[in-house]
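One-letter residues, chain by chain:
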Amino acid sequence: MNRIRGKTAVVTGATAGIGEACARSLAEMGARVVLTARRSDRLAALAADIAGKTGAIPPLVHTLDVRDRAAIDGFMAWLDDRDLAVDILVNNAGLARGLDTVQEGSHDDWDEMIDTNVKGLLNMTRAILPGMIERDSGHVLNLGSIAGHWVYPKGNVYCATKYAVRALTEGTNVDVVGTNVRVSSVDPGLAETEFSVVRFRGDEDRALGVYEGTAPLVAEDIADAVCYVLNTPPHVNVLHLVMMPTVQRSPYVLARES
Ligand code: NDP
Ligand code: 8X3
């Protein structure tokens, strides 16, 4: 049964990787998707591509940095002007910067990760959740990570942001008890996207090395899980869906061909 058809879904970080795959899958299932991220050219290209698929509702596009609260106010007014009530919020925008010990870490990297992964997710939820509560319907889906369940060497601050996402998923659930609004996270392990290129600031060789000799998840695997969670019946609330590629059984246990 398709319970996603006809719903309005806002996806943050829709210009790459998991966000883009979620946007494509939700559109394929008949949702009206609102694509957001910072890179306008990529948003426009994705919207055109999705709009060209048979049966898809043409996506809407809004350039948005989840760290910018004033821009989020503008986004909410823009949705309002179009009479769009958000049924689904996919809080996907996020990133890692660097891989350093705390004693050698960069304040700028920490700010960027905390501002995007934690405060950005909160900014979006704070803006959209009240409307869901008012309508007594809606689903907030956060992209967590296995990094929110286990800390790995030099993962410190990135892991802390994903532990925060786990806490916020649980905390928001507690806050909306008694309503029909649902809050879930999908928490993937190793997935090959632009994530490591961003983490290592464009060092493609180092990024490739993260996945070399493994069979990582791909963005579409995670989009499948996101759609599964969003498509569950209204009386079901998945709290956390933790998933890893078969080659990985914990952040420390990864089968890699030499
Ligand atoms: P990508 O780098 O491929 O995509 C990240 C997306 O986030 C881009 O679309 C980027 O768009 C967007 N983004 C980054 N900063 C901002 C911002 N300030 N405002 C709005 N959008 C932003 O990475 P993934 O697809 O892999 O990552 C998506 C999510 O999944 C993240 O939360 C990540 O932590 C999580 N995750 C990833 C895993 C992996 O191994 N790849 C595993 C577990 C979780 P733009 O630059 O255009 O703004
Ligand atoms: C991304 C997964 O384990 O590479 O959240 O940090 S990991």
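Computed from a predicted structure; not experimentally measured. (Residues numbered from 1 in each chain as written. Chains lettered and ligands numbered in written order. Predicted model: local features only at pLDDT ≥ 70, side-chain atom pairs only at ≥ 80, totals over all residues. Heavy atoms only, no water.)

1. Quick notes on the site of ligand 1
Part 1: Ligand 1 sits among 28 residues. The nearest are Thr15, Arg38, Arg39, Tyr158 and Thr193.
Part 2: Within the side chain of Arg38, a nitrogen or oxygen atom sits 2.7 Å from an oxygen atom of ligand 1.
Part 3: Within the backbone of Glu194, one N or O atom sits 3.2 Å away from an oxygen atom of ligand 1.
Part 4: Contributions of two or more residues to the shell around ligand 1 are made by α1 (17-28), α5 (156-175) and α6 (195-199).
Part 5: Of the residues that constitute the shell around ligand 1, the class distribution is 12 nonpolar, 10 polar and 6 charged. (Near = heavy atom within 4 Å. Polar contact = N/O pair within 3.5 Å; in protein donor to acceptor, adjacent residues only side chain to side chain. Helix = DSSP H or I, 4+ residues; strand = E, 2+ residues; numbered from the N terminus. Nonpolar A, V, L, I, M, F, W, Y, C, P; charged D, E, K, R; others polar.)

2. Regarding the packing of aromatic side chains
Part 1: Counted according to the given criterion, the structure contains 2 aromatic pairs.
Part 2: Between Phe75 and Trp78 the ring centres are 5.8 Å apart and the planes differ by 20°, which places this aromatic pair in the stacked class. Of this pair, Phe75 and Trp78 are both found in helix α3 (residues 69-81), 3 residues apart, which corresponds to roughly one turn of the helix. Each member of the pair Phe75 and Trp78 is classed as buried.
Part 3: Note on Tyr158 and Phe195: the rings are 5.4 Å apart at their centroids and 65° apart in plane angle, and the pair reads as edge-to-face. A residue pair is termed long-range when its members are at least 10 positions apart, and Tyr158 in helix α5 and Phe195 in helix α6 qualify at 37 residues.
Part 4: According to the relative accessible area criterion, Tyr158 is buried, its value standing at 7%.
Part 5: The class of Phe195 is partly exposed, set by a relative accessible area of 26%.
Part 6: Cation over ring: Arg199 sits above Tyr158, and NZ or CZ is 5.4 Å from the ring centre. (Phe/Tyr/Trp six-rings, centres within 6.5 Å; stacked < 30°, edge-to-face > 60°. Buried < 20%, exposed > 50% of the residue type's maximum accessible area, 1.4 Å probe, protein only. Lys NZ or Arg CZ within 6 Å of the ring centre and 35° of its normal.)

3. A look at the site of ligand 2
Part 1: Around ligand 2, the surrounding shell consists of Ser145, Ala147, Tyr152, Tyr158 and Phe195.
Part 2: Separating an oxygen atom of ligand 2 from a side-chain N or O atom of Tyr158 is a distance of 2.5 Å.
Part 3: Contact with the protein chains covers 82% of the free accessible surface of ligand 2, which is 240 Å². (Areas by Shrake-Rupley, 256 points an atom, 1.4 Å probe, with all protein chains shown as cover.)

4. Looking at the side chain of Asp109
Part 1: Looking at where Asp109 falls in the secondary structure, it is placed in helix α4 (residues 107-135).
Part 2: Note on Asp109: relative accessible area 9%, which makes it buried.
Part 3: Setting aside chain neighbours within four positions, we find Asp109 in contact with Arg97, Gly98, Asp100 and Arg201. (Contact = heavy atoms within 4.5 Å.)

5. Describing the sheet that holds strand β6 (residues 181-188)
Strand pairing in a sheet relies on backbone hydrogen bonds, with the paired strands running either antiparallel or parallel.
Part 1: Across the sheet, which stays open at both edges, the 7 strands sit in the order β3-β2-β1-β4-β5-β6-β9 with parallel pairing between neighbours. With one partner strand each, in any of the chains shown, β3 (60-63) and β9 (240-243) form the two edges of the open sheet. Adjacent strand axes in the sheet meet at a mean angle of 15° when their direction is disregarded.
Part 2: Where strand β4 (residues 88-91) meets strand β5 (residues 138-143), 4 bridges bridge the pair, whose relative direction is parallel. The residue bridging Leu89 from the neighbouring strand is Val140, located in β5.
Part 3: The strands that α5 touches are β5, β6 and β9; relative to β6, the one it contacts most, it runs at about 160°. (Pairing = 2+ DSSP bridges. Axes fitted to C-alpha atoms, helices over the stretch in contact; angles between N-to-C directions.)

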